[in-house]
There are 2 protein chains.
Amino acid sequence: MDLGALSGIVGTEHVLTGDAARASELDWRERYAGKALAVVRPGCTEEVARVVRWCADRGIGIVPQGGNTGLCGGATPDMSGTQLILSLQRLDRIRAIDTDNDTLVAEAGCVLQAIQEAARNADRLFPLSLAAEGSCTIGGNLATNAGGTQVLRYGNARELVLGLEAVTASGEIMHGLKGLRKDNTGYDLRNLLIGSEGTLGVITAATLKLYPQPAAQRTTLLALQSIEDAVTVLAAARKGFGAALTGFELIAGSCLHGVVRCYPQQRIPFDGASAAMPWFALLELSDSESAGHAQERFETVLGALMASGHIADAAIAETVAQSRALWHLRESIPLSEKAFGKSVKHDISLPVSAIARFVKETNALLQQSFPGVEHVVFGHLGDGNLHYNVAAGTGRTEAELLAQQDRIFAIVLDSVARFDGSISAEHGIGQLKRGLLPRYKDPVAMALMRDIKRALDPLGIMNPGKLL
Amino acid sequence: MDLGALSGIVGTEHVLTGDAARASELDWRERYAGKALAVVRPGCTEEVARVVRWCADRGIGIVPQGGNTGLCGGATPDMSGTQLILSLQRLDRIRAIDTDNDTLVAEAGCVLQAIQEAARNADRLFPLSLAAEGSCTIGGNLATNAGGTQVLRYGNARELVLGLEAVTASGEIMHGLKGLRKDNTGYDLRNLLIGSEGTLGVITAATLKLYPQPAAQRTTLLALQSIEDAVTVLAAARKGFGAALTGFELIAGSCLHGVVRCYPQQRIPFDGASAAMPWFALLELSDSESAGHAQERFETVLGALMASGHIADAAIAETVAQSRALWHLRESIPLSEKAFGKSVKHDISLPVSAIARFVKETNALLQQSFPGVEHVVFGHLGDGNLHYNVAAGTGRTEAELLAQQDRIFAIVLDSVARFDGSISAEHGIGQLKRGLLPRYKDPVAMALMRDIKRALDPLGIMNPGKLL
């Protein structure tokens, strides 16, 4: 294949092959490897459109890629060497900030953290926040409808977008960057593209919502006797704090103990019976008023829940450093999981009202089939999103556990289906769950999705082999 | 056409023709009249699917209809007598309320007010609120992505939906009522159907988000010297009140004076210079804490804005009755417009930062072409949504004004386009703006919309002649 025409579009130095392409052919966790025809790095939207037209003319598959931090292999090409990786990383300008309209226009390749900082410099908040924020790009965040820790208050990535600019599968530019909070002029193409994992078109820029910076934040770690108590506390916190409740993370006691086993410099801020509680919740309040007011609200709402016995104990961060230490405990869980050995992981969601029963029943089913496995459960309770992971525990090796991965998937995901949950809460489908999707998704919805794919990408060149 | 098979599906008494069909063939404002083959009233989702299949087999156009309160003729058939009105009004059950998950499942024919009341009875808030709430149905609210007075805090109708059940154009049932806050398993069919005005399928039920009831509300009417001051006050209120700011309505002084001219029992709560201010804003605070706290916040935030001169005067409602009276002033504007005579109306949106310049420039352009016309401007400033209406004023009769409607449309909507606004903020397209849409919508977006329409409704039977 003569790639000269691509060099003519983006410049020779931005068409990478061989060793120069290697880093883009492998995902960051090194779970998915592919072989690309080339990595092409356009520098502006018009160049993206010309590259897509070049591919469309030749029937060449396009794999859009941002920060390459996805968890489901959605940005990795297949092994054929015939697909083009379209890197958006050079589209990294923040085109505009409008503080009166509370909007920011960012190109797809902007790193999430750079957007957060630009908002902060304008005395505003861009609330999307997740572990990879230092390297993931907003284009990838939107293509996968990223979640994270602030969804309870501000919604998923899609809720933070007012407008999109995108290149269609035929290489045309859709101009839709209007910063409007109401616009009822036809089908919601914005939300159709968001979460479509690059299979319908390429997002090149987005108009994002900004929020006021909170005046003060308070954080507490709560020790709880049961998930039922956690659900009760969540409901009371939603009522008592209103929209100021910005975080509610559920953590199994075993997860916290795993963190301090793995990282002895960290500590659980409880002793005795409180430290031995089966569940914990990390609660964050973002107050629009003052630190004093946040403290007063904490005392009123949490005090009532302690008096009624729904909270067993509470460790309230008194300083910013203490608050960071509590969040650090939570954020250390994924890395500390190695304390349990490799595990079979599930990113699932459920109605909040079903979570307690789901955990009980699914734990029991797993113990029946695999006695002694360890349940590593944590997640965003306010969103019904659990990271429900299964470690070897006692009675088997890590390798023996991983050999049973498909059976464990079936037990957990069938249970998710019985409770009307979702097999992918925030990570997406990509390559990882593409085979599982038809088993768990409504067949009529699957058929509509295939109809839309055929209509908007009749050549099937947009991220082939992903999602559908 | 033999309608016997339809009677077999829904029962003879639910297939209406002739006089019995008349009320459904005319919209409530009597602006749009059509002639239907019949009005069919299925009693459950399965019956809806069977009726759609009957129509698909015969290529008969289907006009879904809820409360028939739309403003753009979206629920009125054409005059051919060949289209079927599919009334969803018998699907009026609230199927479930889950207070732990903060969700409510309602069928399409539920009247909005009935859903608000069901939520209130469960000590929850369903925040969608608009003038027609006593007769509009949730199916129509979602098909048109309704707006209303609480969008600033809770978003448009689409933001209040977690799941949908719908019947496709081929008469299949899509089961998607999961009550999940995170679900990344493919294309966002929910948002594609919401706002599609019945042209892609029929929404039969929805899982809706519930919120905590606020503990207290405070309302104030602010007298303002300029729209620029209104924008400054809005930004400060967003920062100072956070998400507790639930309403911010901009009202031109002439609108308020029109209300009291039309309804002398109402009064403007200002005297002298304050009453003569050119602009007013109705601000509502919904506090999760207490009436005392709401009062204290009002004094702090509004006090600072009065000290800086951005607020000329403020009338704070001291009782629920006074608060209702302030809202009543705002809600009386549309009906009181007759004080100015019939007007040429526009439901538009703009970036908040552009509203002051838009109003100034567009007023001036209109005065150039139509000296002496009266500008009747009010709307949801927090959402950038203006109801920008033009009345005859001095120098022409009402009939002479209306004869110039197309020229006025062109002046106002071309101005909207220059400021990157939208020609339909919350009312939709329907029949009214179908002809205008291609002039103002991005051509690539129009082409994508047509591709989606062809893919999901290849026979073109879903609400023909609307939107596209």
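Rules and cut-offs
Residues numbered from 1 in each chain as written. Chains lettered and ligands numbered in written order. Predicted model: local features only at pLDDT ≥ 70, side-chain atom pairs only at ≥ 80, totals over all residues. Heavy atoms only, no water. Helix = DSSP H or I, 4+ residues; strand = E, 2+ residues; numbered from the N terminus. Expected span 1.5 Å × (residues − 1). Buried < 20%, exposed > 50% of the residue type's maximum accessible area, 1.4 Å probe, protein only. Contact = heavy atoms within 4.5 Å. UniProt positions renumbered as here; feature names shortened; annotations may be inferred. Domains from an automatic or database assignment. Buried area = accessible area lost by both parts, 1.4 Å probe. Salt bridge = Lys/Arg side-chain N within 4 Å of Asp/Glu carboxyl O. Polar contact = N/O pair within 3.5 Å; in protein donor to acceptor, adjacent residues only side chain to side chain. Nonpolar A, V, L, I, M, F, W, Y, C, P; charged D, E, K, R; others polar. Least-squares fit on C-alpha atoms with pLDDT ≥ 70 in both. Axes fitted to C-alpha atoms, helices over the stretch in contact; angles between N-to-C directions. Parallel < 35°, antiparallel > 145°, perpendicular 65-115°, else oblique. Left-handed = near helix turned anticlockwise from the far one by under 90°. Arc of directions from axis to C-beta. Pairing = 2+ DSSP bridges.

Caption draft 1: Region of the structure containing helix α11 (residues 291-307) of chain A. A rise of 1.5 Å per residue sets the reference length of α11(A), with its 17 residues, at 24 Å; its end C-alpha atoms lie 24 Å apart and thus fit the reference within 8%. Among all positions of α11(A), only A:H293, A:A294, A:Q295, A:R297, A:F298, A:V301, A:L302 and A:L305 are buried. Residues of α11(A) that are buried in the fold lie against β12 (216-224), α8 (227-241), β14 (279-287) and β15 (313-316) of chain A together with α11 (291-307) of chain B. Just beyond α11(A), the residue with positive phi is A:G309, at close to 85°.

Caption draft 2: Molecular detail of the UniProt feature "domain: FAD-binding PCMH-type" (unreviewed entry) in chain A. Using the residue numbers shown here, the UniProt feature "domain: FAD-binding PCMH-type" (unreviewed entry) corresponds to residues 32-213 of chain A. For residues 32-213 of chain A, the helix share is 21%, the strand share is 27%, and the end-to-end C-alpha distance is 39 Å.

Caption draft 3: Spotlight on the domain arrangement of chain A. All names here are of chain A. Taken domain by domain, chain A comprises domain 1 (4-87), domain 2 (94-212), domain 3 (216-335) and domain 4 (342-427). Look at where the C-alpha atoms of domain 3 and domain 4 centre, and you get two points 23 Å apart. Between domain 3 and domain 4, the contact holds 16 residues from the first and 16 residues from the second. Surface buried jointly by domain 3 and domain 4 totals about 1,200 Å² across both partners, of which 67% is contributed by carbon and sulfur atoms. Counting the contacts that link domain 3 with domain 4 gives 1 salt bridge. There are 5 residue pairs in polar contact (both at pLDDT 80 or more) connecting domain 3 and domain 4. Within the residue set of the side of domain 3 that touches domain 4, elements represented by two or more residues are α8, β13 (245-252), α9 (253-262) and α13 (333-336). Partitioned by chemical class, the residues of the side of domain 3 that touches domain 4 number 12 nonpolar, 1 polar and 3 charged.

Caption draft 4: View of the relation of the copies chain B and chain A. Between chain B and chain A, which share one sequence, the superposing operator has a rotation angle of 180° and an axial displacement of 0.0 Å; the RMSD is 0.0 Å. Taken together, the rotation and translation describe the operation of a two-fold axis. Taken as a fraction of all interface residues of chain B, those also at the interface in chain A reach 100%, which identifies the copy contact as same-surface.

Caption draft 5: Highlighting the packing of helix α14 (residues 355-369) of chain A against helix α16 (residues 405-418) of chain A. Residues and elements named next belong to chain A. Contact pair α14 / α16: the axes reach a minimum separation of 10 Å and the direction vectors enclose 155°. The orientation of α14 with respect to α16, classified from their angle, is roughly antiparallel. In this structure, α14 crosses over α16, and the sense of that crossing is right-handed. For the pair α14 and α16, contact is made by F358, T362, L365, L366 and S369 and by R407, I408, I411, V412, S415, V416 and R418, respectively. For the contact of α14 with α16, the residue count by class is 7 nonpolar, 3 polar and 2 charged.

Caption draft 6: Seen up close, the environment of A:Q266. All names here are of chain A. Here Q266 lies in the loop between α9 and α10 (272-275). The buried category is assigned to Q266, whose relative accessible area is 10%. With 115 residues separating them along the chain, Q266 and V151 place their C-alpha atoms 26 Å apart. Excluding its chain neighbours within four sequence positions, the residues that come into contact with Q266 are V259, V260, H328, L329 and S332. Polar side-chain contacts of Q266 include one of 3.3 Å to the side chain of H328.

Caption draft 7: Examining α14(A) more closely. Residues and elements named next belong to chain A. Taking 1.5 Å as the rise per residue, α14 with 15 residues should run 21 Å; its terminal C-alpha atoms sit 21 Å apart, in good agreement. Considered for burial, the residues of α14 that qualify are I355, A356, F358, V359, T362, N363 and L366. One face of α14 carries all of its buried residues, which in axial projection span an arc of 160°. Counted as exposed and oriented over 90 degrees from the buried face of α14: K360 and Q368.

Caption draft 8: Main features of the interface of chain B and chain A. Residue-level contacts link 87 residues of chain B with 87 residues of chain A. Buried area between chain B and chain A, both sides added, is near 7,000 Å², and the carbon and sulfur share of it is 54%. Between A:K239 and B:D123 there is a salt bridge, with the nearest N and O atoms lying 3.9 Å from each other. Counting every contact that joins chain B to chain A gives 47 residue pairs in polar contact (both at pLDDT 80 or more). Where the side of chain B that touches chain A is concerned, the elements lending two or more residues are α6 (151-154), β9 (173-176), α7 (189-193), β11 (211-212), α8 (227-241), α11, α17 (437-440) and α18 (443-456) of chain B. Among the elements that make up the side of chain B that touches chain A, the one with the highest residue count is α18(B) (9 residues). Residue composition of the side of chain B that touches chain A, grouped by class: 31 nonpolar, 31 polar and 25 charged.

Caption draft 9: Structural view of the pairing of strand β14 (residues 279-287) of chain B. Residue and element names in this part refer to chain B. Of all 9 residues in β14, 9 are buried; the element is thus mostly enclosed. Side-chain alternation along β14 places W279, A281, L283, L285 and D287 on one buried face and F280, L282, E284 and S286 on a second face that is also buried. Across 9 bridges, strand β12 (residues 216-224) lies against β14 in antiparallel orientation. Across the sheet, the residue bridging to T219 is E284, located in β14. In this sheet, β14 lies alongside strand β13 (residues 245-252) in antiparallel orientation, the contact comprising 7 bridges. Note that in β14 the partner of A252 across the bridge is W279.

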